[in-house]
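The lines below spell out each chain.
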Amino acid sequence: GNSVTQMEGPVTLSEEAFLTINCTYTATGYPSLFWYVQYPGEGLQLLLKATKADDKGSNKGFEATYRKETTSFHLEKGSVQVSDSAVYFCVCKGAQKLVFGQGTRLTINP
Amino acid sequence: DSGVTQTPKHLITATGQRVTLRCSPRSGDLSVYWYQQSLDQGLQFLIQYYNGEERAKGNILERFSAQQFPDLHSELNLSSLELGDSALYFCASSVGQGQKETQYFGPGTRLLVL
């Protein structure tokens, strides 16, 4: 079945730093890829998605590009804020179900 | 706010008991999915319903069952509860069940089994 491997956390950065959270996937066919974010005490929110190779998803300053040749979907942000502190999940969607990475806890210090 | 609602928000119960978690999908969404989030297993897919019919099963225990009603809300029933069932249970919904469709998550029900 499909699987997702995420960069292990936790990750701690200072405000305005550049963020990269690595994500690679294993899947048959052409899955859709997502990043979800979970803020403390809340449910999962869709951050961005890409449904085919070379698509770039973007939202709130975050970006990720669907790279089929490297089976990757790395999350980047040029300048993080304290409010970005959360757990980030890379997700692969095959036929129906979502397959989640283990999550990366991000803490941004002022 | 995703538009997906889940009740209750918190549930504390004892081993051996049975509980029911409820989910109302976003207006117009026909698919409902259930997920379990635990510290040791991470986020795992349990089961999916589409317009009242079961469509996919993941790592759902035999002690667990679910259904989707004609008004499209769904219930997840957990019985003979064990300590290890303590987790956050999420419901998600989507319009259909295509590969490109986004699933929208509810706020979750936190279950504590004592």
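Going by the structure above, here's the rest.
What you are looking at is a predicted structure, and each value in this text was computed from that prediction instead of being measured.

Reading the values: the criteria
- Residues numbered from 1 in each chain as written.
- Chains lettered and ligands numbered in written order.
- Predicted model: local features only at pLDDT ≥ 70, side-chain atom pairs only at ≥ 80, totals over all residues.
- Heavy atoms only, no water.
- Patch = residues over 30% accessible without salt bridge, like charges linked within 9 Å, V, L, I, M, F, W, Y side chains within 5 Å.
- Areas by Shrake-Rupley, 256 points an atom, 1.4 Å probe, with all protein chains shown as cover.
- Salt bridge = Lys/Arg side-chain N within 4 Å of Asp/Glu carboxyl O.
- Helix = DSSP H or I, 4+ residues; strand = E, 2+ residues; numbered from the N terminus.
- Pairing = 2+ DSSP bridges.
- Axes fitted to C-alpha atoms, helices over the stretch in contact; angles between N-to-C directions.
- Contact = heavy atoms within 4.5 Å.
- Buried area = accessible area lost by both parts, 1.4 Å probe.
- Polar contact = N/O pair within 3.5 Å; in protein donor to acceptor, adjacent residues only side chain to side chain.
- Nonpolar A, V, L, I, M, F, W, Y, C, P; charged D, E, K, R; others polar.
- Buried < 20%, exposed > 50% of the residue type's maximum accessible area, 1.4 Å probe, protein only.

K.L.:
How do you make sense of a nonpolar patch on the surface when you look at a structure like this?
P.N.:
Together, B:I12, B:L112 and B:L114 line one region of the surface with nonpolar side chains, adding up to about 310 Å² of accessible area. Position of B:L114 relative to the elements: it lies in the segment after β11 (109-113).

K.L.:
What exactly am I supposed to notice about the sheet that holds strand β3 (residues 19-21) of chain A here?
P.N.:
Strand pairing in a sheet relies on backbone hydrogen bonds, with the paired strands running either antiparallel or parallel. Residues and elements named next belong to chain A. Pairing is antiparallel across the open sheet formed by four strands, whose spatial order is β3-β9-β8-β7. If you trace the sheet from one side to the other, it starts and ends with β3 and β7 (56-59), each paired once. The sheet shows a mean angle of 15 degrees between the axes of neighbouring strands, direction not considered. Pairing between strand β8 (residues 62-65) and strand β9 (residues 75-77): three bridges, direction antiparallel. By the bridge assignment for β9, E63 is matched with E76.

K.L.:
Quick question: what am I supposed to make of the interface of chain B and chain A here?
P.N.:
Many descriptions give the size of an interface as the accessible area lost when the pieces come together. Facing 20 residues of chain B, the contacting portion of chain A comprises 20 residues. Taken over both partners, the interface formed by chain B and chain A buries close to 1700 Å², and the fraction arising from carbon and sulfur atoms is 52%. Linking chain B to chain A there are zero salt bridges. The interface formed by chain B and chain A holds five residue pairs in polar contact (both at pLDDT 80 or more) in total. Listing elements by their share of the side of chain B that touches chain A, those giving two or more residues are β4 (31-38), β5 (42-50), β6 (53-57) and β9 (87-94) of chain B. Residue classes in the side of chain B that touches chain A are distributed as nine nonpolar, eight polar and three charged.

K.L.:
Looking at this structure, I do not really get the pairing of strand β12 (residues 104-109) of chain A. What am I missing?
P.N.:
Put simply, side chains in a regular strand alternate between the two faces of the sheet. All names here are of chain A. Only one face of β12 is buried, namely the one carrying T104, L106 and I108, since none of R105, T107 and N109 on the opposite face is buried. For strand β2 (residues 11-14) and β12, the ladder comprises four bridges, and the chain directions are parallel. Counterpart to V11 in the pairing with β12 is L106. Pairing of strand β10 (residues 86-93) with β12 involves three bridges; the strand directions are antiparallel. Bridging from a neighbouring strand, A86 pairs with L106 of β12.

All quantities given are derived from atomic positions and should not be read as evidence of function.
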